[in-house]
Amino acid sequence: MTPDTTTMNQLRAIVDAARERRAEDVTVLDLTDVSSTLEYFVICTATAGLQLNAVQENIREKAQATGLPRPSVEGPSERWLLLAFGGSVVVHIMTKDAREYYDLEGLWSDARVLDFPEVKA
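Attention here is on the structure that accompanies the text. (Residues numbered from 1 in each chain as written. Predicted model: local features only at pLDDT ≥ 70, side-chain atom pairs only at ≥ 80, totals over all residues. Heavy atoms only, no water.)

Observations regarding the overall build of the chain
Link 1 in the chain: Within the chain, the regular secondary structure consists of four helices and six strands.
Link 2 in the chain: Listed by position from the N terminus, the elements making up the chain come as α-β-β-α-β-β-β-α-α-β.
Link 3 in the chain: Taken along its principal axes, the extent of the C-alpha atoms in the chain is 35 × 30 × 30 Å.
Link 4 in the chain: With 121 residues in all, the chain has 44% of them scored as buried.
Link 5 in the chain: With an accessible surface of roughly 6,700 Å², the chain has 50% of that area assigned to carbon and sulfur atoms.
Link 6 in the chain: Distance between charge centres in the chain, computed from 12 positive and 19 negative side chains, equals 6 Å. (Helix = DSSP H or I, 4+ residues; strand = E, 2+ residues; numbered from the N terminus. Buried < 20%, exposed > 50% of the residue type's maximum accessible area, 1.4 Å probe, protein only. Areas by Shrake-Rupley, 256 points an atom, 1.4 Å probe, with all protein chains shown as cover. Lys, Arg positive; Asp, Glu negative; His and termini not counted. Charge placed at Lys NZ, Arg CZ, Asp CG, Glu CD.)

Describing the pattern of salt bridges
Pairing between side chains becomes possible if they bear opposite charge and their charged atoms approach one another.
Link 1 in the chain: Within the structure shown, the criterion is met by six salt bridges.
Link 2 in the chain: The closest approach of N and O atoms between Glu20 and Lys62, which form a salt bridge, is 2.7 Å. Placement of Glu20 in helix α1 (residues 5–20) and of Lys62 in helix α2 (residues 50–65) is noted, with a sequence separation of 42 residues between them.
Link 3 in the chain: With relative accessibility at 27%, the residue Lys62 sits in the partly exposed group.
Link 4 in the chain: Among the ionic contacts, a cluster of salt bridges with common partners joins Asp25, Arg99 and Glu105. (Salt bridge = Lys/Arg side-chain N within 4 Å of Asp/Glu carboxyl O.)

A look at the nonpolar core
Link 1 in the chain: Core analysis: the biggest nonpolar cluster contains 25 residues, and Ile14, Ile59, Phe85, Val91 and Ile93 have the highest contact counts within it.
Link 2 in the chain: In terms of residues, this core owes the most to one element, α1, which gives five residues.
Link 3 in the chain: Here Phe85 is in contact with Ile14, Ile59, Arg60, Ala63, Leu68, Pro69, Pro71 and Val91, once residues within four sequence places are set aside.
Link 4 in the chain: Core analysis: the second largest hydrophobic core is formed by twelve residues, Leu29, Phe41, Ile43 and Met94 among them. (Core = buried A, V, L, I, M, F, W, Y, C linked by side-chain atoms within 4.5 Å. Contact = heavy atoms within 4.5 Å.)

A word on the pairing of strand β4 (residues 80–85)
Link 1 in the chain: With five of six residues buried, β4 lies mostly within the body of the structure.
Link 2 in the chain: Two strands pair when backbone bridges link them, and strand β3 (residues 72–74) and β4 are joined in this way by three bridges, in the antiparallel orientation. Considered in β4, the bridge of Glu74 is made with Leu82.
Link 3 in the chain: Connecting β3 to the next strand, β4, in antiparallel fashion are five residues, including Gly75 with a positive phi near 95 degrees. (Pairing = 2+ DSSP bridges.)

Describing the sheet that holds strand β5 (residues 89–94)
Link 1 in the chain: As summarised here, the arrangement of the six strands in space is β3-β4-β5-β2-β1-β6, forming an open sheet in which the pairing is mixed. Edge strands, defined here as strands with exactly one partner in the open sheet, are β3 and β6 (112–114). Sheet twist, expressed as the average angle between the axes of neighbouring strands with direction ignored, equals 25 degrees.
Link 2 in the chain: Relative to β4, α2 is tilted by about 10 degrees, and along the sheet it contacts β2 (40–45), β3, β4 and β5. (Axes fitted to C-alpha atoms, helices over the stretch in contact; angles between N-to-C directions.)

Below is the structure:
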């Protein structure tokens, strides 16, 4: 299933917000064909502490500006943070070690990866 324009704009805003705060390896998984309850995961890597917080604050602000609801926050810890925007978009911000340990891309390997190339200013 192809995401609608609104959803694509919301995902783009989240991806761009993560990259603005220097998050690395930003990946978007489309779970609509492989899960009955989840729609999209955005996964990115940040260093611990201050960067994790800066990334999540920027994502929260930019996502809500596109019409997504205020997210619920799971965690946070020094290794990972999860932002759930309703049932549609879940953002995982993780340190490199946590990302390797949880291997969400491996767990959801049958999900489609959506491409959001970096926008050059």
